[in-house]
Amino acid sequence: QPPMALRRCAQAVAKPLFLRRCAQPEGFFAPRAFSKWVTSEVAERPQPPADAPIVNVEFVSSHGGVRKVSGQAGLRVLDIAQDNGVPMQGSCEGNMSCSTCHVILSQEDFDRLPPPEEEELDMVELALEATPTSRLGCQIFMTKELSGLRCQ
């Protein structure tokens, strides 16, 4: 049976035409889109300091229900969602090799975030129902200034 990281990668593949960075054993090189080669590493969960302020995030379900949750500043939206039982998959565990943590933000919230990197935009393009204000939850690190962020 293949290692857990390889099984998760296989589950995260959304479209076979694109090659993406997968959680592989250390030192393994995986091809990326546009024939770029990168060393693949497993993203570690951020560890905010114990005295980090508490931030609030609102998650809107596809049915319109709103769930308000809290977490520490320094955590990703993906981590806060999973810690609070919000159904956000995050198949690649924050390696930016899938789009299962895709969120849609209001234009106001989107403008408060730092601009996305090219790799994130590549993954957002693969997300179902992506919009101009779509981001990946694994790439949004919460700060005190972002408290009150509303994600769909």
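Our subject is the structure that appears above.
Residues numbered from 1 in each chain as written. Predicted model: local features only at pLDDT ≥ 70, side-chain atom pairs only at ≥ 80, totals over all residues. Heavy atoms only, no water.

**Observations regarding the overall build of the chain**
Each helix and strand in the chain was counted, giving four helices and seven strands. Classification of the 152 residues of the chain by burial places 43% in the buried group. Counting only contacts in the chain whose residues sit at least 6 apart along the sequence, the fraction spanning at least 24 positions is 55%. Split by element, the accessible area of the chain, about 8,900 Å² in all, is 55% carbon and sulfur. (Helix = DSSP H or I, 4+ residues; strand = E, 2+ residues; numbered from the N terminus. Buried < 20%, exposed > 50% of the residue type's maximum accessible area, 1.4 Å probe, protein only. Contact = heavy atoms within 4.5 Å. Areas by Shrake-Rupley, 256 points an atom, 1.4 Å probe, with all protein chains shown as cover.)

**Topic: the pairing of strand 4 (residues 66–72)**
In the sheet, strand 3 (residues 54–60) pairs with strand 4 via seven bridges, with the strands oriented antiparallel. Bridge pairing in strand 4 places Val-55 opposite Gly-71. The turn linking strand 3 back onto strand 4 is made up of five residues, and Gly-64 within it adopts a positive phi angle of 95°. (Pairing = 2+ DSSP bridges.)

**Describing the sheet that holds strand 4**
Spatially, three strands are ordered 4-3-7 in an open sheet, and the strand pairing comes out mixed. On the outer flanks of this sheet lie strand 4 and strand 7 (149–151), each paired with one strand and no other. Neighbouring strand axes in the sheet, compared pairwise and without regard to direction, differ in orientation by 30° on average. Bridging between strand 3 and strand 7 involves three bridges; their strand directions are parallel. By the bridge assignment, Glu-58 is partnered in strand 7 with Arg-150. (Axes fitted to C-alpha atoms, helices over the stretch in contact; angles between N-to-C directions.)

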